[in-house]
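The residues making up each chain are set out below.
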Amino acid sequence: MSLELDREFQTATQPENVWKEDWVPKTPDDATWLLAEYRRIKGEIKSIDDFVKRKINEIFEWYNRRTRVLRETEERILGLLELYARNSGKKTISLPGGELRLRKQQPQFQRDDAVLLEFLRTRELTQYIKAVEAPDWKSLKADCQIVGTNVVLPNGEVVEGVTVHVPDEPAFTVKLDATEDDTQSEDPA
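Counting starts from 1 at the beginning of each chain's written sequence and moves along it residue by residue. Local features in a predicted model are, by the rule used here, given only for residues with pLDDT of at least 70; side-chain atom pairs are given and counted only at 80 or more, and totals for whole chains, interfaces and linings are based on all residues. Note that the side-chain values use all heavy atoms of the structure and ignore hydrogens as well as water.

This next bit is on the overall build of the protein. A tally of helices and strands in the protein yields four helices and six strands. Reading the helices (α) and strands (β) of the protein from amino to carboxyl end gives α-α-β-β-α-α-β-β-β-β. Every radius of gyration here is taken over C-alpha atoms, with the globule rule written as 2.2 Å times N^0.38, N being the number of residues. Its C-alpha radius of gyration of 33 Å places the protein more than 25% over the 16 Å reference for a compact globule of 189 residues. In terms of its C-alpha atoms, the protein occupies a principal-axis envelope of roughly 85 × 65 × 35 Å. Residues classed as buried in the protein amount to 12% of the 189 residues present. Between two residues, a contact is recorded if the distance between any of their heavy atoms is within 4.5 Å. Here the contacts in the protein between residues at least 6 apart in sequence split such that 21% fall between residues at least 24 apart. When the accessible surface of the protein is summed, it comes to about 17,200 Å², and 55% of that surface belongs to carbon and sulfur atoms. In this count, Lys and Arg are taken as positive residues and Asp and Glu as negative ones, while His and the chain termini are left out. Charge positions are represented by NZ for Lys, CZ for Arg, CG for Asp and CD for Glu. Side-chain charges of the protein comprise 28 positive and 36 negative groups, with the mean position of each set lying 15 Å from the other. The secondary structure listing takes helices from DSSP runs of H or I that are at least 4 residues long and strands from runs of E that are at least 2 residues long, numbered from the N terminus. Throughout this description, buried means an accessible area under 20% of the type-specific maximum (1.4 Å probe, protein chains only), exposed means over 50%, and partly exposed covers the range between. Areas reported as accessible are Shrake-Rupley estimates using a 1.4 Å probe. Residue values count occlusion only from the protein chains shown.

Strand pairing is assigned whenever DSSP detects at least two bridges linking the two strands. Sheet topology places strand β1 (residues 92–95) next to strand β2 (residues 98–101); four bridges connect them, and they run antiparallel. Looking across to β2, one finds that Leu95 is bridged to Gly98. Linking β1 to β2, which pair antiparallel, is a turn of two residues.

Considered as a void within the structure, the second largest pocket measures approximately 170 Å³ in volume. Lining the second largest pocket are 10 residues, and of these Leu34, Leu35, Tyr38, Phe172 and Val174 sit closest to its centre. Counting residues per element, the lining of the second largest pocket draws most heavily on helix α2 (residues 28–88), at five residues. Here the lining of the second largest pocket is composed, by residue class, of eight nonpolar, no polar and two charged. Detection works on a 1 Å grid of protein atoms alone, calling trapped sets that fit a 1.4 Å probe cavities and calling open sets with protein on both sides within 12 Å along at least five of seven lines pockets, with lining residues defined by an atom within 4 Å of a point. Grid points are joined across faces, edges and corners, and a volume is the space filled by probe spheres set on the points. Asp, Glu, Lys and Arg are counted as charged, while Ala, Val, Leu, Ile, Met, Phe, Trp, Tyr, Cys and Pro are counted as nonpolar; the rest, among them Gly, fall into the polar class.

Attention now moves to α2. Helix span, expected: 1.5 Å multiplied by one less than the number of residues in the helix. Across its 61 residues, α2 extends 85 Å between first and last C-alpha, which sits within 8% of the 90 Å expected from 1.5 Å per residue. Two axes define the bend at a residue: one fitted to the seven residues ending there, one fitted to the seven starting there, and the bend is the angle between them. At Thr67, α2 shows its largest bend, some 40°. Among all positions in α2, only Asp30, Trp33, Glu37, Arg40, Thr67 and Ala85 are buried. Positive phi shows up at Gly89, right after α2, with a value of about 80°.

A carboxyl oxygen of Asp or Glu within 4 Å of a side-chain nitrogen of Lys or Arg is what we treat as a salt bridge. Considering all chains together, one arrives at eight salt bridges under this definition. In this structure, Glu37 and Arg40 form a salt bridge, with 2.7 Å as the shortest nitrogen-oxygen distance. A residue pair is termed a helical-turn pair when its members lie 3 or 4 positions apart in one helix, as Glu37 and Arg40 do in helix α2 at three residues. Overall, Arg40 belongs to the buried group, its relative accessible area being 9%. Note that Lys55 and Glu58 form a salt bridge whose closest N and O atoms lie 3.3 Å from each other. Pair noted here: Lys55 and Glu58 are both in helix α2, with a separation of three residues, about one helical turn.

Time to look at a nonpolar patch on the surface. Together, Ile48, Phe51, Val52, Ile56, Phe60, Trp62 and Tyr63 line one region of the surface with nonpolar side chains, adding up to about 710 Å² of accessible area. Residue position: Phe51 is located in helix α2. Note on Phe51: relative accessible area 41%, which makes it partly exposed. Here the term patch refers to residues with relative accessible area over 30% and no salt bridge, with like charges joined within 9 Å and nonpolar side chains (Val, Leu, Ile, Met, Phe, Trp, Tyr) within 5 Å.

Here we take up the environment of Gln145. Within the secondary structure, Gln145 sits in strand β3 (residues 145–147). Gln145 has contacts with Asn150, Val151 and Val152, leaving out every residue within four places of it along the chain.

A positive phi is found at Glu124, a non-glycine position, where the angle reads about 55°. Secondary-structure assignment places Glu124 in the loop between α3 (113–122) and α4 (137–143).

Attention now goes to the side chain of Asp30. Checked against the element boundaries, Asp30 lands in helix α2. Buried and unpaired, Asp30 has no salt bridge, with Lys26 as the nearest side chain of opposite charge at 6.4 Å. Sequence-distant contacts of Asp30, that is, excluding residues within four places in its chain, are made with Pro15, Trp23 and Pro25.

What follows covers the side chain of Glu37. Accessibility expressed as a relative area gives 8% for Glu37, which makes it buried. In this structure, Glu37 is in contact with Gln10 and Trp19, ignoring residues within four places of it in sequence.

Here you go:
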């Protein structure tokens, strides 16, 4: 169904005073109308999102076409300037529009940490090995109980460094029934 017809229908069938601040749904028809309005609004947002994604893709395609030649020209210019600098034999060349510089580069290291770690262990070079400690939260949580706002060990000791917040109210979500053009699942409200 088109968004315009859906919007028109929703407007024609909306409960009286629905947009007043103190209005609350009182009947299943009111809640059904709100659910349909929610679905319509989500559909409109999805249409806008799809439109924006298409436009963004069009802009990136235009950008790539427009700058491709410029980037190729930029690379050619940089290559020619580098050739000039290397042929000069100087480390720095000052020109009216800037400087050309040749600097020694730092070595790049490619490591296989597993092989390196094994090498250090077999030679007992432990001063080059980091020991990382972190709580095993999954195991700790499985062995403990929640008592009020505390996590308590099986021996009754309160675990320091952990505070529990138990929400007072159940979480509210909306699950729309699937339609042929709707693939949405639960949506936290």
